[in-house]
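Coordinate inspection notes
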Amino acid sequence: MNVTTMITPVQGAAASVMAEVFAKQQPTAIKLRTSTADERIAKLKKLEAAVLANKDAIYRALAADLHKPATEADLDEIMPVIGEIHHAVSHLKSWMRTKRVGTTLTMLGTQARIRYEPRGVCLIISPWNFPINLTFGPLASAIAAGNTAIIKPSELTPSCSALMAEIIRQTFDVAEIAVFEGDAQVSTALLDMPFDHMFFTGSPAVGKIVMAAAAKHLSSVTLELGGKSPVIVDESADLNKAARSIMWGKFLNNGQTCVAPDYIYVHEKVLPQFLEASKTAIKKMYGDDVQASPDYCRIVNERHFGRVKRLLDDATANGATVVTGGMAVEGDKFIAPTLLTKVKLDSAVMQEEIFGPVLPIISYSDVHEPIAHINANPKPLALYVYSKNQGNIDRVISETSSGGVGINVSVLHFSHANLPFGGVNNSGIGSSHGEYGFKAFSHERAVMRDQYNSTPMLYPPYTSRVKWLMAMTLRFFA
Ligand code: NAD
């Protein structure tokens, strides 16, 4: 199969159609409770084959929606999905295996196990910034865990959403996996349904709406959210390497990455060298004329262009200096890779998630300054430390909290299959990827079996013998 033509999207399907599909998935979900690893692996392989068969269409859709270069599409859209599938295929049998747990003293005479059971009918709501990766990645975990799924991709990347809807339509029965395209109205209608699990990737503001909707049915949730991910570059860091790594992580996908460096604290002693190294790094990646570079994405739409431009204008109006970049071309949704210094901490660019190619750089003299700033703000999704000083690294990690940490590396921890990926509080609840994704879509069911446990000796009536036995037991444990 090769979906090469753009399909008319099933935009804003009626709530009754969604309810019908939901009702179709409920009996399938019950049937899938007994699905075997081999059956799930076959479905994962079907999804992989469909993605690979549509590689060219995916490139075209990503180029249309985000001006994304094909190499970047391979790196951060197709490869993570294929990686997630391969990892699940290799490990699913062991993840699914019922795990025996040790017997505690009070439970002598029993056996206990944990069964990993599918949650049931799952909702996956995805964002626009990595539309393929952040839709098919969670879907792979949902399939691995034996669920059915209804997917609501973002309306802001319509070519990708239409393509994914068609890929799923051609690959799976709607009674098992279905896609509904559309905006917040479609999400709202779906959020009204009693899903067994809701997996949401997007902004903290909409995350709160999803969690409130989930509360109505006590659906479990995984919330993969965003926020401002800080970077600290201390005086011991390898500045050239740090600049290369940070500039890559920031300007990949035009800064529209949930774990993109949002702002940098640089030790004052090395600030001038770091700025020079950063300018060189940007030039090396995108050349002298960034707008002409085929390797630089664009801002997703005019609204987001206007939002990022306003952050930039507000910062400069409040005294920030543009070290490099600053150019904005509205018709092209282009903002050059922009580094700012002398940024006021209370300016909008330091208050809101930037999610675009603007990077404030703040100097500090003691590491307690960035630590205090990080702790005074919501817990970030990612925190990056560039340093050769193990004491500083340990201090930053132990005195702060964040979803994940990169030491002398940015963004890449997202792709480590053996690490949980997720935020904490404002940046997210729960985690995904690999076994963590499998668990997000599974219920860990406790199963205990009696063999010869001694609790019956403690049943009422509470005679003096029972009281003595209880007293002995308590004394033994105290
Ligand atoms: P968003 O929250 O605006 O939208 C995400 C999804 O929610 C879309 O499908 C959208 O249609 C839907 N939606 C929007 N408003 C809604 C409403 N009122 N009710 C119900 N559903 C609604 O986010 P976005 O702009 O698509 O993505 C950017 C945000 O996502 C950033 O904050 C970024 O950091 C975060 N993000 C997080 C991760 C992660 O893995 N943690 C990954 C990518 C993006």
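Calculation rules
Residues numbered from 1 in each chain as written. Predicted model: local features only at pLDDT ≥ 70, side-chain atom pairs only at ≥ 80, totals over all residues. Heavy atoms only, no water. Helix = DSSP H or I, 4+ residues; strand = E, 2+ residues; numbered from the N terminus. Contact = heavy atoms within 4.5 Å. Disulfide = S-S within 2.5 Å. Buried < 20%, exposed > 50% of the residue type's maximum accessible area, 1.4 Å probe, protein only. Phe/Tyr/Trp six-rings, centres within 6.5 Å; stacked < 30°, edge-to-face > 60°. Domains from an automatic or database assignment. Buried area = accessible area lost by both parts, 1.4 Å probe. Salt bridge = Lys/Arg side-chain N within 4 Å of Asp/Glu carboxyl O. Pairing = 2+ DSSP bridges. Axes fitted to C-alpha atoms, helices over the stretch in contact; angles between N-to-C directions. Near = heavy atom within 4 Å. Polar contact = N/O pair within 3.5 Å; in protein donor to acceptor, adjacent residues only side chain to side chain. Areas by Shrake-Rupley, 256 points an atom, 1.4 Å probe, with all protein chains shown as cover. Nonpolar A, V, L, I, M, F, W, Y, C, P; charged D, E, K, R; others polar.

Moving on, we come to the environment of Ser141. Tracing the backbone shows Ser141 in helix α5 (residues 133–144). Placed 97 residues apart in sequence, Ser141 and Asp238 show a C-alpha to C-alpha distance of 38 Å. Not counting residues up to four positions away in its chain, the partners in contact with Ser141 are Glu84, Gly437, Phe438 and Phe441.

On to the state of the cysteines. The final tally for this structure, using the stated rule, is zero disulfides. Not engaged in a disulfide, the cysteine Cys258 finds its nearest cysteine sulfur in Cys297; these two sulfurs lie 15 Å apart. Of the residues examined, Cys258 reaches a relative accessible area of 14% and is grouped as buried.

Under the defined criterion, the tally for this structure stands at eleven aromatic pairs. Between Phe476 and Phe477, the ring centres sit 5.6 Å apart and the planes meet at 90 degrees, which makes this aromatic pair edge-to-face. Three or more aromatic residues joined by ring pairs make a cluster, and in this case those are Trp95, Tyr116 and Phe438.

This part takes up the domain arrangement of the protein. One frequently used descriptor of interface size is the decrease in accessible area upon assembly of the parts. Examined at the domain level, the protein breaks down into domain 1 (3–225 + 429–444) and domain 2 (229–418). In this structure, domain 1 and domain 2 have C-alpha centres spaced 31 Å apart. Taken residue by residue, the interface counts 20 residues in domain 1 and 20 residues in domain 2. Of the roughly 1700 Å² buried where domain 1 meets domain 2, counting both sides, 60% is carbon and sulfur surface. Its largest share of buried area at the contact with domain 2, domain 1 owes to His67, Trp128 and His433, together 28% of the area lost on that side. One can count zero salt bridges joining domain 1 with domain 2.

Let us now look at the sheet that holds strand β1 (residues 99–101). Pairing within the open sheet is antiparallel, and its three strands lie in the order β1-β2-β18. Pairing within the sheet leaves two strands with one partner each, and these edge strands are β1 and β18 (442–450). The sheet shows a mean angle of 30 degrees between the axes of neighbouring strands, direction not considered. Here β1 runs beside strand β2 (residues 110–118); their pairing, made up of three bridges, is antiparallel. When the sheet's bridge partners are listed, Lys99 is paired in β2 with Ile114.

Neighbouring residues of the ligand: 28 residues in total, closest Lys152, Glu155, Ser203, Leu225 and Glu353. The backbone of Ser126 places a nitrogen or oxygen atom 2.8 Å from an oxygen atom of the ligand. Against a free-state accessible area of 840 Å², the protein chains account for coverage of 89% of the ligand. Looking at the shell around the ligand, the elements with two or more residues in it are α7 (184–191), β6 (197–201) and α8 (204–217). Its residues assigned to classes, the shell around the ligand comprises 16 nonpolar, eight polar and four charged.

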